[in-house]
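Architecture at a glance
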Amino acid sequence: MDALTANGTTNIQTSVTGVTAGKRKFIDDRRDQPFDKRLRFSVRQTESAYRYRDIVVRKQDGFTHILLSTKSSENNSLNPEVMKEVQSALSTAAADDSKLVLLSAVGSVFCCGLDFIYFIRRLTDDRKRESTKMAEAIRNFVNTFIQFKKPIIVAVNGPAIGLGASILPLCDVVWANEKAWFQTPYTTFGQSPDGCSTVMFPKIMGGASANEMLLSGRKLTAQEACGKGLVSQVFWPGTFTQEVMVRIKELASCNPVVLEESKALVRCNMKMELEQANERECEVLKKIWGSAQGMDSMLKYLQRKIDEF
């Protein structure tokens, strides 16, 4: 660690390279890589209206399907570019005749949360400025989910980590593959919670379970997440896509006014509370990321990952 801090940017970049390799190995152990590449290629090639780099958007009968398929980050993790594309797709779906949105991912990973590699590289340039920019990107991204008026259905096909897990309660229905798992290991890499998880996790699973996830980074299986209210239903991997599409088409056949008004009734007393929670969380993140102690925590996390691999 002394070597990392003493040599500055050069060694941080070397550390990032080591973590990137380790992160790739971590996910590769959990998927059939050749199949994953073919699937990603197939989705991109068959999407005639494709106009994004890190997501795929399919306008289907009655709904919009947004798939995370990141090229600028590893394992569908979220950097400002990815978040802006998701926001753009949601904005389009809000304005068109879509009755709802289906959010899923290409491959066997749903979302690995914030793109830690992207962020640590930029912190070496101007810590205060980059901390503010990243916190603002998260604030806008999360507010887009809070303010979206149509139902958002999420199909979690694999690991959902950090912000990839914390945004789930901001959506309306969450279906999970039996092989999916959920974790918010914020304290492990020196970060405070995001995605309104400080409000929504205690609401849906109680304070004790929320603290176990947010402070201790407990990993939940799909069945455990369902039992705690983070997930609506769990489906067998072999029929997951079929089960999701059958239910989505049923929902998309409903009266759009009824769907939107029903969501409004459920969420009517939560919007302001969630926006305020999002603001508080992002302010704390900005403070931590902009501090020397915050940088030190992230460097220690990098060093641990290097040692592991």
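Residues numbered from 1 in each chain as written. Predicted model: local features only at pLDDT ≥ 70, side-chain atom pairs only at ≥ 80, totals over all residues. Heavy atoms only, no water.

Under an unreviewed UniProt entry, the name given to the chain is Chromodomain Y like, and the organism recorded is Canis lupus familiaris. Per UniProt, the chain has the following entry under Subcellular location (unreviewed entry): "Nucleus". (UniProt positions renumbered as here; feature names shortened; annotations may be inferred.)

**With respect to the packing of helix H8 (residues 197-205) against helix H9 (residues 207-214)**
Close contact between H8 and H9 brings their axes to 7 Å; oriented N to C, the two are set at 135°. Relative to H9, the element H8 lies oblique. By crossing handedness, the relation of H8 to H9 is classed as right-handed. Only Gly207, Ser209, Ala210, Met213 and Leu214 of H9 make contact with H8, whose side of the interface consists of Ser197, Thr198, Phe201, Pro202 and Met205. Split into classes, the residues belonging to the contact of H8 with H9 amount to six nonpolar, four polar and no charged. (Axes fitted to C-alpha atoms, helices over the stretch in contact; angles between N-to-C directions. Helix = DSSP H or I, 4+ residues; strand = E, 2+ residues; numbered from the N terminus. Parallel < 35°, antiparallel > 145°, perpendicular 65-115°, else oblique. Left-handed = near helix turned anticlockwise from the far one by under 90°. Contact = heavy atoms within 4.5 Å. Nonpolar A, V, L, I, M, F, W, Y, C, P; charged D, E, K, R; others polar.)

**With respect to the environment of Asp126**
Counting through the fold element by element, Asp126 comes out in the loop between helix H5 (116-123) and helix H6 (127-147). By relative accessible area, Asp126 is classed as partly exposed at 30%. Considered as a pair, Asp126 and Gly290 are 164 residues apart in the sequence and their alpha carbons are 9.0 Å apart. (Buried < 20%, exposed > 50% of the residue type's maximum accessible area, 1.4 Å probe, protein only.)

**So, unusual backbone geometry**
A positive phi angle, close to 55°, is found at Asn76, a residue other than glycine. Its location among the elements puts Asn76 in the loop between strand S2 (63-68) and helix H4 (80-95). One non-glycine residue, Cys196, adopts positive backbone phi at about 65°. Secondary-structure assignment places Cys196 in the loop between strand S7 (181-183) and H8.

**Focus: the confidence of the model for the chain**
Overall, the prediction assigns the chain a mean pLDDT of 86, with 82% of residues at 70 or greater. Across residues 25-49, where pLDDT falls below 50, the model places 38 contacts with residues more than four positions away in sequence or in other chains. (pLDDT = per-residue confidence, 0-100.)

**What about the sheet that holds S7?**
By way of backbone hydrogen bonds, the strands of a sheet pair with one another, either parallel or antiparallel. With mixed pairing, three strands are arranged side by side in an open sheet as S5-S7-S8. Bordering the open sheet on either side are strand S5 (160-161) and strand S8 (220-221), each of which pairs with just one other strand. For S5 and S7, the ladder comprises two bridges, and the chain directions are parallel. If you follow Ala160 over to S7, its bridge partner there is Phe182. (Pairing = 2+ DSSP bridges.)

**So, the pattern of salt bridges**
Within the structure shown, the criterion is met by 15 salt bridges. Salt-bridge contacts for Glu279 lead to Arg139; the nearest nitrogen and oxygen are separated by 2.9 Å. With a gap of 140 residues between them, Glu279 in helix H13 (residues 271-289) and Arg139 in helix H6 connect regions that are remote in the sequence. Of the charged contacts in the structure, one is a salt bridge between Glu224 and Arg218, with a shortest N-O distance of 3.4 Å. In this structure Glu224 comes out as partly exposed when scored by relative accessible area, which is 31%. Several salt bridges converge on common partners, so that one network encompasses Glu136, Arg139, Glu279, Glu283 and Lys286. (Salt bridge = Lys/Arg side-chain N within 4 Å of Asp/Glu carboxyl O.)

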